[in-house]
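A closer look at the structure
Here is how the chains run, residue by residue.
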Amino acid sequence: MLIVDSVQYAKAGHPGMALGMAEVGYVLYRHVMRYNPRNPKWFNRDRFVLSAGHGCLLQYVCLHIAGFQSVQLQDLQRLCKLGSRTPGHPENVVTDGIEVTTGPLGQGVANAVGLALAEAHLAARFNKPDAILVDHRTYCIMGDGCAMEGISHEAASLAAYWKLNKLTLIYDDNHNTIDGPTTLAFSEDISTRFKALGWNTITVENIHSNMNSFKDALCSAFSENEKPTFIRVKTLIGKLSGKEGTSKAHHGTFDEDDVKKMRQKVNWSDRGPFHVLPMVYREMQIQADHGERLEEEWYSKLNYYQSKYPEESVEFKILLNGGLVPGWESSLTKWSASEPVDATRGYSEKCLNQLAKVLPGLIGGSADLATSNKAYLHDFKDFSQPNSPWGRNIRYGVREHSMAGISNGLALHGSGLIPFAATFLIFSDYMKNSIRLSALSKAGVIYIMTHDSIGLGEDGPTHQPVEQFAGLRAVPRLLVFRPADGNETAGAYKMAVANRDVPSLIALSRQKVVAHLEGTSASGVERGGYIVSDNSGNDLPEIMLIGTGSELCLCEGSAKMLRKEGRRVRVVSLVCWRLFDQQPKEYKEYVLPPRVSKRVSVEAGSPMGWREYVGGQGWVIGVEDFGASGAYLDTFKKFGFTEENVTRVTKSLLSD
């Protein structure tokens with residue numbers, strides 16, 4: 001009735017799934033999950049993910065009756081209202097007790113796999129026979145829509161391969177989606193699919209009449225030592241209502257006559273809206289008290305662990321405190337101009353491996369492109385059960401979308417893990433929704449994206465990113481870096497690691513560039529944009545060349561040619577637009593003086609967005625069509641990315 005009252009009061013929401021899964025929510029929060037509502041962030045709590053995020057009312061009501069301060073009755077009365085703690089889909093940054101932000105269907109399944117992966121990995125690294133510190137389960141509710149989305153299949157495949165036996169996926173099998181019954185577009189046997197993937201599968205036929213059948217299924221899951229468990233629960237969407245069992249129950253309110261009949265069915269007619277029986281609070285308090293005792297016992301174990309295993313304890317506490325050790329930045333290389341040239345993906349490889357030695361939480365992998373992305377921790381093993389679950393390299397296979405979703409789970413586990421996820425920049429399109437959720441949920445994932453332009457050459461336009469920068473830079477909060485050399489790459493990693501509550505994307509070249517382009521610096525990256533060179537002295541420059549990545553050297557080469565002809569030229573690196581935009585107005589105008597209207601930007605990607613920096617009188621050298629297959633120098637020449645063309649455009653602008 002709290003579900004019904006909330007929807008009626010708000011005149012909005014999704015009651016259908018919440019009503020159909022009420023028994024599941026009750027059993028989990030009352031009898032199964034280990035948590036302490038007085039400390040929602042207790043490390044060894046069980047994790048719960050609602051992949052079918054539209055059913056958030058189920059979780060809000062469960063959090064309320066379980067004693068979480070984050071959801072009071074007045075919060076249920078403010079469902080979907082601006083500024084409320086009960087938004088239309090669960091958000092981890094808004095409501096304590098919500099582990100991850102979900103809504104786009106299937107994402108939560110990948111998040112749950114990431115949470116379970118974090119538990120398995122940390123348990124292998126730190127648990128001792130006489131001191132078990134990491135021992136919790138992950139529960140996830142998914143619906144028919146989640147089952148249809150490809151990301152859930154990718155993630156489930158990995159969960160089985162990784163033998164994440166402490167992961168339980170609960171499938172709300174109500175046979176309805178928004179448009180109507182699932183028979184409109186869906187006929188496969190989901191249990192058989194998960195069994196084929198390698199899951200332990202169980203079906204609960206009659207939860208509405210026998211809640212113990214679901215408890216029995218969970219007990220079976222607990223006894224499974226190798227496989228994750230998939231529990232198919234047959235439910236009635238919109239149970240009790242006149243819309244019961246139909247897609248009409250998915251979202252929206254109920255008419256007053258229907259509400260009256262629902263109240264009669266459960267003997268609730270004489271009670272007002274948002275009434276909760278005191279005995280319900282007392283009943284749920286039993287589980288809360290149990291969780292509080294478990295937390296006290298856990299801290300006793302931690303104290304014992306500290307005394308008996310001091311070395312491991314130090315590392316464990318570093319992770320619990322966020323994973324950053326004092327002075328970690330000093331591990332990053334400072335490159336000189338005399339060092340061998342390499343692609344920025346090569347400089348990235350060195351940065352990543354240097355950081356892995358000092359950051360115990362750095363963990364991640366590539367979508368079957370580790371050798372191309374150069375994203376592999378050479379001193380550490382692959383995560384593999386039972387062989388090396390302590391390994392910090394994750395083999396994702398060709399599963400870009402779930403890689404990003406799993407990385408969000410790793411980041412939001414709250415254990416100081418710093419996940420990285422690597423692939424070609426063009427495949428960021430497969431991952432876009434998960435990347436967006438990284439930003440929305442403040443998950444500090446580091447996305448390593450190589451082959452960042454038409455400069456990758458022979459693979460041609462199917463693999464050459466053009467419009468990706470524009471789309472990624474538009475994602476709120478996401479830090480997009482495009483370093484020009486080794487030192488800017490180190491600077492990008494420094495900022496990516498330091499910013500633990502925002503995701504970062506580092507775009508890297510396949511083609512080689514100098515280790516240190518004169519004038520660049522790691523420290524300059526911190527402000528997003530800075531002056532690389534300028535021969536103007538006390539005067540303003542006549543023109544400014546603004547570049548990123550591998551094209552910054554074209555700007556610098558062109559500037560040298562123009563300076564020989566007596567021109568005053570400034571070269572600016574705009575390595576991260578968002579960081580530059582966040583700088584004080586005085587600094588931005590110092591780097592890009594408003595009085596200098598003649599500007600040229602050079603980037604081998606879409607020109608979209610550059611007009612903001614070059615102004616109405618500037619010139620944008622970009623890529624306005626798809627790329628082409630060919631040697632990278634030939635491709636660059638075809639699209640105008642040569643010192644000669646940059647110089648020609650600049651001279652043309654100067655002559656106007």
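Residues numbered from 1 in each chain as written. Predicted model: local features only at pLDDT ≥ 70, side-chain atom pairs only at ≥ 80, totals over all residues. Heavy atoms only, no water.

**Some words on the overall build of the protein chain**
A count of helical and extended segments in the protein chain gives 26 helices and 18 strands. For 656 residues, the compact-globule estimate of 2.2 N^0.38 gives 26 Å, and the C-alpha radius of gyration of the protein chain, at 28 Å, lies within 12% of that figure. A principal-axis box enclosing the C-alpha atoms of the protein chain has dimensions of 90 × 60 × 45 Å. Taking all 656 residues of the protein chain together, 59% fall into the buried category. Intrachain contacts of the protein chain at a sequence separation of at least 6 include 77% that bridge at least 24 residues. Within the structure as shown, the protein chain displays about 25,500 Å² of accessible surface, and the carbon and sulfur contribution to it stands at 50%. Charged side chains of the protein chain number 71 positive and 72 negative; the gap between the two group centres comes to 2 Å. (Helix = DSSP H or I, 4+ residues; strand = E, 2+ residues; numbered from the N terminus. Rg over C-alpha atoms; globule rule 2.2 N^0.38 Å. Buried < 20%, exposed > 50% of the residue type's maximum accessible area, 1.4 Å probe, protein only. Contact = heavy atoms within 4.5 Å. Areas by Shrake-Rupley, 256 points an atom, 1.4 Å probe, with all protein chains shown as cover. Lys, Arg positive; Asp, Glu negative; His and termini not counted. Charge placed at Lys NZ, Arg CZ, Asp CG, Glu CD.)

**Structural notes on the UniProt feature "site: Important for catalytic activity" (unreviewed entry) in the protein chain**
Feature annotation in UniProt assigns "site: Important for catalytic activity" (unreviewed entry) to the following positions: H14 and H250. Across 237 residues, the annotated set stays spatially compact, with a maximum C-alpha separation of 5.8 Å. Set against the second largest cavity, the annotated residues named above that line it are H14. Locating H14 in the fold gives a position in the loop between helix 1 (2-10) and helix 2 (15-20). (UniProt positions renumbered as here; feature names shortened; annotations may be inferred. 1 Å grid on protein atoms, 1.4 Å probe; cavity = no way out; pocket = protein on both sides within 12 Å on 5 of 7 lines; lining within 4 Å.)

**Re the UniProt feature "binding site: thiamine diphosphate" (unreviewed entry) in the protein chain**
Per the UniProt entry, the sites bearing "binding site: thiamine diphosphate" (unreviewed entry) are H54, G103, P104, L105, G145, N174, H250 and F427 in this numbering. Across 374 residues in sequence, these annotated residues place their C-alpha atoms as far as 34.0 Å from one another, rather than forming a single compact spot. None of the other annotated residues line the second largest cavity; only H54 do. As for its placement among the helices and strands, P104 is situated in the loop between helix 5 (73-76) and helix 6 (107-126). Beyond its immediate sequence surroundings of up to four residues, P104 is in contact with N433 and L437. When its relative accessible area of 28% is taken as the criterion, L105 is described as partly exposed. Those residues in contact with L105, other than ones at most four positions away along the chain, are S51, A52, H54, G145, C146, E149 and I151.

**Here we look at the layout of surface pockets**
A volume near 910 Å³ is recorded for the largest pocket. Lining the largest pocket are 25 residues, with M1, A22, Y26, I65 and V280 positioned closest to its centre. Breaking the lining of the largest pocket down by element, the ones donating at least two residues are helix 1, helix 3 (22-32), helix 4 (56-66) and helix 12 (278-308). Looking at side-chain class alone, the lining of the largest pocket contains 20 nonpolar, 2 polar and 3 charged residues. The computed volume of the second largest pocket comes to approximately 340 Å³. If you trace the second largest pocket, you find 20 residues lining it, with K41, R45, L412, H413 and G414 closest to the centre. (Points joined across faces, edges and corners; volume = space filled by probe spheres on them. Nonpolar A, V, L, I, M, F, W, Y, C, P; charged D, E, K, R; others polar.)

**Some remarks on the packing of helix 1 against helix 4**
Two elements in contact, helix 1 and helix 4, have axes whose closest approach is 10 Å; the angle formed by their N-to-C orientations is 120°. In terms of orientation, helix 1 lies oblique with respect to helix 4. Of the two possible hands of crossing, helix 1 and helix 4 adopt the one that is right-handed. Counting all contacts with helix 1, which are made through L2, I3, S6 and V7, the residues of helix 4 involved are L57, V61, H64 and I65. Residues of the contact of helix 1 with helix 4, tallied by class, amount to 6 nonpolar, 2 polar and no charged. (Axes fitted to C-alpha atoms, helices over the stretch in contact; angles between N-to-C directions. Parallel < 35°, antiparallel > 145°, perpendicular 65-115°, else oblique. Left-handed = near helix turned anticlockwise from the far one by under 90°.)

**Brief notes about the nonpolar core**
The tendency in soluble globular proteins is for nonpolar side chains to be buried side by side. Ranked by internal contacts, the top residues of the largest apolar core, which has 74 residues, are M142, W162, L164, W199, I406, Y447 and L505. Ranked by residues supplied to this core, first place goes to helix 6 with 12 residues. Both domains that meet at this core, namely domain 1 (2-291) and domain 2 (328-507), each give it at least three residues. If we ignore the near neighbours within four places in the chain, the residues touching L505 are L425, I435, Y447, M449, L472, L478, L479, V480 and F481. Core analysis: the second largest hydrophobic core is formed by 52 residues, I65, V204, F214 and F254 among them. (Core = buried A, V, L, I, M, F, W, Y, C linked by side-chain atoms within 4.5 Å. Domains from an automatic or database assignment.)

**A few points about empty space enclosed by the protein**
In this structure the tally under the stated criterion is 3 cavities of 30 Å³ or more. One number sums up the size of the largest cavity: a volume of about 150 Å³. Around the largest cavity, the lining comprises 18 residues; the ones closest to its centre are R45, D46, F68, G97 and E99. Grouping the amino acids of the lining of the largest cavity by side-chain chemistry returns 8 nonpolar, 4 polar and 6 charged.

**Some thoughts on the environment of Q468**
Tracing the chain through its elements places Q468 in helix 18 (residues 468-473). Each C-alpha atom of the pair Q468 and K317 lies 39 Å from the other, and the pair is 151 residues apart in sequence. When residues no more than four places from it in sequence are discounted, the contact partners of Q468 are L425, I426, S428 and D429.

**Remarks on the environment of P228**
With respect to the secondary-structure elements, P228 resides in the loop between helix 10 (211-222) and strand 5 (229-234). In this view, P228 contacts A159, A160, L164, N165, L167, G198, W199 and N200; residues no more than four positions away in its chain are not counted.

**Overview of the sheet that holds strand 5**
If you trace the 5 strands from one edge of the open sheet to the other, you get 1-2-3-5-4, paired in parallel fashion. At either end of the open sheet lies a strand with only one pairing partner, and these are strand 1 (47-50) and strand 4 (200-204). Adjacent strand axes in the sheet meet at a mean angle of 15° when their direction is disregarded. With 5 bridges joining them, strand 4 and strand 5 adopt parallel strand pairing. Counted as the bridge partner of I202 is I231 from strand 5. (Pairing = 2+ DSSP bridges.)

**Concerning the domain arrangement of the protein chain**
In terms of domain boundaries, the protein chain breaks down into domain 1 (2-291), domain 2 (328-507) and domain 3 (524-654). Between the C-alpha centres of domain 1 and domain 3 the distance comes to 51 Å.

**Regarding the pairing of strand 9 (residues 418-424)**
A large share of strand 9 lies buried, amounting to 7 of its 7 residues. Note: strand 7 (residues 362-366) against strand 9, 5 bridges, orientation parallel. Directly across from L362, in strand 9, lies its bridge partner I418. Read from strand 9 through helix 17 (residues 428-440) to strand 10 (residues 446-450), the crossover connection turns out right-handed. (Right-handed = clockwise from strand over helix to strand, strands pointing away.)

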